[in-house]
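# Structure at a glance
One-letter residues, chain by chain:
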Amino acid sequence: MSTTFTLPIAGMTCASCVSRVEKSLTRVTGVESVAVNLATEAATVTAADGVTGSALAHAVDAAGYSVPQDDIVLDIHGMTCASCVGRVEKALLAVPGVASAEVNLATEQATVHAYRGATTPDRLMAAVTRAGYQATPHAPPGPAVEMATAAAARVWRDRLPVLAGAVLSLPLALPMLGDLG
């Protein structure tokens with residue numbers, strides 16, 4: 001069975017560059033076919049199942065070009081110790097196309113540096129699940145959260161002068177209230 005990879009290639013400027021990348025990718029053991037397109041700056045590689053996106057990216061690097069990387073952040077649930085961190089990192093690094101992975105126990109997040117187009121968040125989450133943990137894509141705060149935070153800050157900013165005035169005038173008002181009785 002074969003796997004097809006589509007890798008973006010950065011740095012190609014001419015037909016000679018295309019030829020150099022094609023030759024470098026063809027030399028990777030297990031590669032069946034290679035098609036590099038200068039216009040789309042991408043290589044489509046059909047390879048045996050054992051070939052990884054990392055091996056292909058290293059071949060492109062050896063030819064003098066690069067495969068851009070994406071950073072994928074996942075929220076990891078169920079980790080309790082450093083051993084858990086090690087198991088999750090090992091599982092993520094085993095996914096084809098992953099260049100590196102850092103897992104943080106305190107934030108319960110994994111940051112994965114993957115070759116663009118070589119893997120998906122679903123594959124990464126499946127690897128974490130097989131390791132015995134749960135993973136979900138990290139969702140940064142959206143516009144609604146940012147607007148609510150800004151609104152809360154605005155309310156506090158608007159009420160602060162009134163609150164400061166009340167606190168500062170209290171020592172002056174207390175003696176007057178004492179004279180009323």
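This text follows the structure it describes.
Now for a look at the structure at hand.

Within a regular strand, the side chains alternate between the two sheet faces. Of all seven residues in strand β6 (residues 109-115), five are buried; the element is thus mostly enclosed. Across seven bridges, strand β4 (residues 69-77) lies against β6 in antiparallel orientation. By the bridge assignment, D75 is partnered in β6 with Q109. Pairing analysis gives six bridges linking strand β5 (residues 98-104) to β6, with the strands arranged antiparallel. Looking at β6, one finds that V103 is bridged to A110.

Here we take up the nonpolar core. Within the largest apolar cluster, 24 residues are counted, with the highest numbers of intra-cluster contacts made by I9, M12, V21, L25, V45, L56 and Y65. Listed by contribution, the elements that provide at least two residues to this core are β1 (2-8), α1 (15-26), β2 (31-37), β3 (42-48) and α2 (53-62). Ignoring sequence-local partners within four residues, the contact set of M12 consists of C17, V18, V21, V36, N37, L38, E41, A42 and Y65. Judged by nonpolar contacts, the second largest core, of 21 residues, contains C84, V85, V112 and A127.

Of note in the backbone geometry, E41 takes a positive phi value of approximately 50° without being a glycine. As for its placement among the helices and strands, E41 is situated in the loop between β2 and β3. Judged by relative accessible area, E41 falls into the partly exposed class, the value being 38%. At E108, a position not held by glycine, the phi torsion is positive, near 55°. Positionally, E108 belongs in the loop between β5 and β6.

Rules behind the numbers
Residues numbered from 1 in each chain as written. Predicted model: local features only at pLDDT ≥ 70, side-chain atom pairs only at ≥ 80, totals over all residues. Heavy atoms only, no water. Buried < 20%, exposed > 50% of the residue type's maximum accessible area, 1.4 Å probe, protein only. Helix = DSSP H or I, 4+ residues; strand = E, 2+ residues; numbered from the N terminus. Pairing = 2+ DSSP bridges. Core = buried A, V, L, I, M, F, W, Y, C linked by side-chain atoms within 4.5 Å. Contact = heavy atoms within 4.5 Å.

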